[in-house]
Amino acid sequence: MTFHLTSRAVLLASALAFAPAAFAETPADTLVVAHTIDDIISLDPAQSFEFSGNDVNNNTYDRLVDFDPLDPEAGFQPSLAVSWEVSEDGLSITFTLREDVTFHSGNPVRAEDAAWSLQRAVKLDKTPAFILTQFGFTADNVDQMITSEGNTLTLTMDKPYAPSFVLNCLTANIASVVDMETVMANEADGDLGNGWLNTNEAGSGAYVLAAWRPNEQVQLTAYEDYWQGAPTMKRVIVRNVAESSAQRLLLEQGDIDVARNLTPTDVESIASVEGVTIQDEPRGRILYMGLNQKDELLSNPAVVEAMKHLVDYEGITNSFLKGQFVTHQSFLPRGYLGALDETPWTYDIEKARQILTDAGIEGGTITTRVRDLREYIDVAQTLQAAMGQVGLTLEIEQMTGAQVLDAYRAREVPIFLGEWGPDYSDPNTNAATFAYNPDNSDEAAAVGLLAWRNAYEVPAEMNEATVAATLEQDTDTRAAMYQDIQRQYQAEAPIVPLFQRIEQVGMGDGVQNWWSGGAISSVMYRQVTKGE
Amino acid sequence: MSATDITGTGGPPSPGATPPGRGRPDLAGRRALRRRRARSVAGTILSLALTLLGLLLVTFIIGRVMPIDPVLKVVGDRATQAQYDAAYIAMGLDQPLVVQFLTYIGDVLQGDFGRSISTGQPVSADIARVFPATLELATLGTLIGVVIGVPLGVIAAARRGGIIDQVARVVALVGYSMPIFWLGLMGLLIFYGMLGWVGGPGRQGILYDGMVPNVTGMVLVDSLIAGDWPAFQDAFSHIILPASLLGYYSLAYISRMTRSFMLEQLSQEYITTARVKGLSERAVIWRHALGNIAIPLVTVIALSFGSLLEGSVLTEIIFSWPGLGSYITRGLLSGDMNAVLGGTVVVGACFVVLNLLSDILYRFLDPRST
């Protein structure tokens, strides 16, 4: 090695480093999205239950009924099913399917495929299967309960459920219609094609899955024969960009069209950048505070009542959660049937102190575990300060999300601060977990119910009301029933909804008709266009 | 993940006080030497195998005692107890730890690293995707570190207390103490955001993605193989910033080590002798002194390279670089032990290979061992 050689190498390296790179704006017919998509573990609609997996499937598959991305508030609309009819006894719904639709494989979409897809999801019994099995389907009976004939499909349920309840559930990812022939050609060891569908796709949606590289990117290409017309964006590329500031830079440089994980700081600094717009969209996630009734102090109703006044709702949404959350004190998110906008609690230290004094509580210490996510820790610390003012000491242990979840499911988190996202677009999804807990014993091990995790003994009439609301045939009456349940919930429950998530999407100016899926669904790309 | 002993069995001979001479052993001596060599090779292989096994065992146990439930990652928060139990059994977690470990080793010996629960894909496929990305980045980073770090260290030692020495000291200090996260973001902001000299986060621009046939998985190499110059330029513009960043960190380390090795050499008598004999200062420093520190320097470079292979997690996150470091870390945080173990085996194997390469280099660089 001589000095001459090295200096030449250095020169060459620096010359290469600063050579002008070939940059380009994203192509006009390509939509490039930056998002954290490292949560995808399966793309099989019968198994996928993660946000990003559903984001993919919502575009590659069709369902019997679906939302119109340009008018989501209209609720579920005909999709593969052109019409449906509820039987007199309310136990069956018969769907009539369109006959002009083909899968990406070229196979026609038949009622038989649709029936088989639902049967398959019930038989595989993966995590999201409950969305279907709650109507009384089991692996043993589903072949008789879900049948097809010609272009009609009939669902027969164990009870006369509210049609809106059933149809809302059929908009869920698990109700996606898969191409039976293609999937069964890839079956291995009787897995109904689950192994293959985990990384492949067999749908009829507006987009075809071109590639999925885990933790890196998802590529979709337009399905030119799509029955609602080929989408304008011929290619959609979703890149996994974990850092908000990196997303911001990419957007500013025009290397991406949409940034979906911007922090408040980045939103603020990008808002003034020319050529970039921010779109706020309320999503379904509720940030709530669970007060575990196994904790002696927290099981006192006065403490529960006082805690509701110790959260600085306004201060929090105006500072560190600014733009990302809005105050929302009921368990159904805005955008849901029966959502309640009433906010009975305000931040009031004096009132909290009075409630505690009246109940003869002089103080106490609570040690809790909080997920090591900036926003949760911040909320916990504000709460800690407020509790300190009324003589309550809060000790916070920071842990990973997985650790907190483990403890929470074991009923071991005294004060839980975290988010709950609805599983499907019907109000029952949250009512059945916040306001339903038929057996509060440890042995019941109802780990899926938030009420059980917080050891909340739900009053019998609230349990009954929650069940009754799933059977109410009239949709308006049903909405009113949910509002009543939420009012009662606000009055007494130790689980306190605090905020609703807002997704702040950063977009290049030309991007039109973006829809992240609102509170009720997942992202859709087929209506998106890009102007000049 | 701990680094295995990079110096291998025996270790490098310390830089001699005098330039080593070449001896000529007799026949019996040569036979004995050959026997010793064979024994040492066998010993090396055995110790490497044991090291890898030990590494796996420790990682495995850490994974099992970690307070993170891998089953929850698979079935999700909403699973019923029955679904949870089914997944628990399907993952073999109901078996005793020893059985689990032996089953795992048995599978690994047959080339089956299992399936990652956080990507749903076979670990071998995951690693085949993430490892080339890391290798490419770490290699370029080390290259930058060596090309700049070694001359900097040599000059700093030769002109001790001079301006270059001071500059090298500051460069190294900053390199050691600056958080890579901050430096990475600032680098992006300046060179990508403001100046537009380099590509943004990610390995390639959208236009080039998937355009070059995948041969090695290293985009720079693949685009060269395909003879696609624009794709190479694009890939280079994306890799140069993270690689320079890693290069900076390894340069900080390499230049400091080079300097101290050189100082030790320059105080030896043979240097004085060389100077007295009238050799030019350039020859004294660059041929005699630098030649004698080559062996410890190789060790330092190999160590630095090895640490970049597994330790550049933050750089990978900031630059959306889908590499091995973030793969292992993500696996660890979600209790995805197949991914962690698979990644560990690869990192361990890399150290083994680096070890062997250093051994070969020692023989090449040290006349006494030929």
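Residues numbered from 1 in each chain as written. Chains lettered and ligands numbered in written order. Predicted model: local features only at pLDDT ≥ 70, side-chain atom pairs only at ≥ 80, totals over all residues.

An unreviewed UniProt entry annotates chain A as ABC transporter substrate-binding protein of Paracoccus gahaiensis. A UniProt comment under Subcellular location (unreviewed entry) is attached to chain A, and it reads "Periplasm". (UniProt positions renumbered as here; feature names shortened; annotations may be inferred.)

Some points on the overall build of chain A
Helix and strand content of chain A: 19 helices and 19 strands. Rg of the C-alpha trace for chain A: 25 Å, near the compact-globule value of 24 Å for 532 residues, within the 12% margin. Oriented by its inertia axes, the alpha-carbon framework of chain A measures out at about 80 × 75 × 45 Å. For chain A, buried positions account for 52% of its 532 residues. (Helix = DSSP H or I, 4+ residues; strand = E, 2+ residues; numbered from the N terminus. Rg over C-alpha atoms; globule rule 2.2 N^0.38 Å. Buried ≥ 20, exposed ≤ 12 C-beta atoms within 10 Å, placed from the backbone.)

Focus: the overall build of chain B
Each helix and strand counted, chain B has 14 helices and zero strands in total. Reading chain B from its N end, one meets helices and strands in the order α-α-α-α-α-α-α-α-α-α-α-α-α-α. Each of the three principal axes of chain B carries a C-alpha extent, and together these read 85 × 65 × 40 Å. In chain B, which comprises 370 residues, the share counted as buried stands at 47%. Taking all contacts inside chain B whose residues are at least 6 apart in sequence as the whole, residues at least 24 apart take part in 74%. (Contact = placed C-beta atoms within 7 Å.)

Focus on the interface of chain B and chain A
Tallying the contact residues gives 56 residues for chain B and 52 residues for chain A. Sorting the residues of the side of chain B that touches chain A by element identifies α2 (70-75), α3 (81-90), α5 (123-158), α7 (180-194), α9 (229-266), α12 (313-318) and α13 (324-333) of chain B as the ones contributing at least two each. If one sorts the elements of the side of chain B that touches chain A by residue count, α9 of chain B sits on top with seven residues.

Considerations on the domain arrangement of chain A
Quoted interface sizes are often the accessible area lost when the parts come together. All names here are of chain A. Partitioning chain A into structural domains gives domain 1 (30-230 + 509-530) and domain 2 (282-503). The C-alpha-based centres of domain 1 and domain 2 are spaced at 32 Å. Counting from both sides, the interface comprises 18 residues of domain 1 and, opposite them, 20 residues of domain 2. Take the side of domain 1 that touches domain 2: its biggest share by element is five residues, from helix α6 (residues 163-169). (Domains from an automatic or database assignment.)

So, helix α3 (residues 111-124) of chain A
Residues and elements named next belong to chain A. The first and last C-alpha atoms of α3 sit 20 Å apart over 14 residues, in line with the 20 Å expected at 1.5 Å per residue. Those residues of α3 that sit buried are Ala 111, Asp 113, Ala 114, Ala 115, Trp 116, Ser 117, Leu 118, Gln 119, Arg 120, Ala 121 and Val 122. If you follow the buried residues of α3, they end up packed against β5 (92-97), α4 (130-133), α5 (142-145), β6 (146-149), β7 (152-156) and α7 (180-185). (Expected span 1.5 Å × (residues − 1).)

Focus on the UniProt feature "domain: Solute-binding protein family" (unreviewed entry) in chain A
UniProt records the feature "domain: Solute-binding protein family" (unreviewed entry) for residues 76-440 of chain A in the present numbering. Here residues 76-440 of chain A runs as 31% helix and 23% strand, with 35 Å between its end C-alpha atoms.

Digging into the confidence of the model for chain B
Residues and elements named next belong to chain B. Per-residue confidence for chain B averages 82 on the pLDDT scale, and 92% of its residues sit at or above 70. Within the model, pLDDT remains below 50 along residues 1-23, and this stretch shows 49 contacts once partners closer than five positions in the same chain are excluded. Note on the complex model: pTM 0.84, ipTM 0.77. (pLDDT = per-residue confidence, 0-100.)

Focus on the nonpolar core
Residues and elements named next belong to chain A. Residues Val 33, Ala 114, Leu 132, Val 236, Ala 435 and Ala 451 are the most contacted members of the largest nonpolar core, which totals 254 residues. Of the residues that make up this core, three or more belong to each of domain 1 (30-230 + 509-530) and domain 2 (282-503). Leave out the neighbours within four places in its chain, and Ala 435 touches Phe 331, Ala 451, Val 458, Met 462, Thr 466, Ile 485 and Tyr 489. (Core = buried A, V, L, I, M, F, W, Y, C linked by C-beta atoms within 7 Å.)

A short note on the packing of α9 of chain B against helix α11 (residues 281-311) of chain B
For any two helices packed against each other, the geometry is given by the interaxial angle and the distance between the axes. All names here are of chain B. For the pair α9 and α11, interaxial distance at closest approach is 9 Å and the crossing angle is 155°. The orientation of α9 with respect to α11, classified from their angle, is roughly antiparallel. The chirality of how α9 crosses α11 is right-handed. In this structure, α9 contributes Leu 246, Ser 250, Tyr 253, Ile 254, Met 257, Thr 258, Phe 261, Met 262, Gln 265 and Leu 266 to the contact, and α11 contributes Ala 289, Asn 292, Ile 293, Pro 296, Leu 297, Val 300, Ile 301, Ser 304 and Leu 308. Its residues assigned to classes, the contact of α9 with α11 shows 14 nonpolar, five polar and no charged. (Axes fitted to C-alpha atoms, helices over the stretch in contact; angles between N-to-C directions. Parallel < 35°, antiparallel > 145°, perpendicular 65-115°, else oblique. Left-handed = near helix turned anticlockwise from the far one by under 90°. Nonpolar A, V, L, I, M, F, W, Y, C, P; charged D, E, K, R; others polar.)

Here we look at the sheet that holds β7 of chain A
Residues and elements named next belong to chain A. Strand order in this open sheet of four strands is β4-β5-β7-β6, and the pairing throughout is antiparallel. Because the sheet does not close on itself, it has two edges, and the strands there are β4 (81-86) and β6. Adjacent strand axes in the sheet meet at a mean angle of 20°, parallel and antiparallel pairs treated alike. Relative to β7, β5 is paired through five bridges, and the arrangement is antiparallel. Bridge pairing links Phe 95 to Leu 153 in β7. (Pairing = 2+ DSSP bridges.)

Describing the confidence of the model for chain A
Averaged over every residue, the pLDDT of chain A is 92; residues scoring 70 or more account for 95%. Of the regions scoring below 50 in pLDDT, residues 1-24 of chain A engages in 27 contacts with residues more than four places distant in sequence or in other chains.

So, the pairing of β4 of chain A
All names here are of chain A. Of the pairings in the sheet, the one linking β4 to β5 comprises five bridges and is antiparallel in character. In the strand pairing of β5, Glu 85 is matched with Thr 94. Counted between consecutive antiparallel strands, the loop separating β4 from β5 contains five residues, among which Gly 90 sits at a positive phi close to 75°.

So, the pairing of strand β9 (residues 217-222) of chain A
Residues and elements named next belong to chain A. Relative to β9, strand β8 (residues 207-213) is paired through six bridges, and the arrangement is antiparallel. Across the sheet, Leu 209 pairs through a bridge with Leu 220, a residue of β9. Linkage of β8 to β9, two consecutive antiparallel strands, is achieved through a turn of three residues, within which Asn 215 is found at a positive phi near 60°. In this sheet, strand β10 (residues 235-240) lies alongside β9 in antiparallel orientation, the contact comprising five bridges. Across the sheet, the residue bridging to Leu 220 is Val 236, located in β10.

Focus: unusual backbone geometry
Residue and element names in this part refer to chain A. Not every positive phi belongs to a glycine, and Arg 411 is a case in point at roughly 60°. Relative to the assigned elements, Arg 411 resides in the loop between α15 (401-409) and β16 (415-420). Since 18 C-beta atoms lie within 10 Å of it, Arg 411 is described here as partly exposed. The phi angle at Ala 445 is positive, at roughly 45°, despite the residue not being glycine. Relative to the helices and strands, Ala 445 is located in the loop between α16 (428-434) and α17 (450-453). Accessibility expressed as a C-beta count within 10 Å gives 15 for Ala 445, which makes it partly exposed.

Considering the environment of Ala 519 of chain A
All names here are of chain A. In this structure, Ala 519 sits in the loop between β18 (511-512) and β19 (529-530). With 23 C-beta atoms counted inside 10 Å, the residue Ala 519 sits in the buried group. C-alpha of Ala 519 to C-alpha of His 309: the two residues are 210 residues apart in sequence and 27 Å apart in space.

Details of the environment of Leu 33 of chain B
Inspection of the secondary structure puts Leu 33 of chain B in helix α1 (residues 27-65). Linking Leu 33 of chain B and Pro 230 of chain B, residues 197 residues apart in sequence, is a C-alpha distance of 54 Å.

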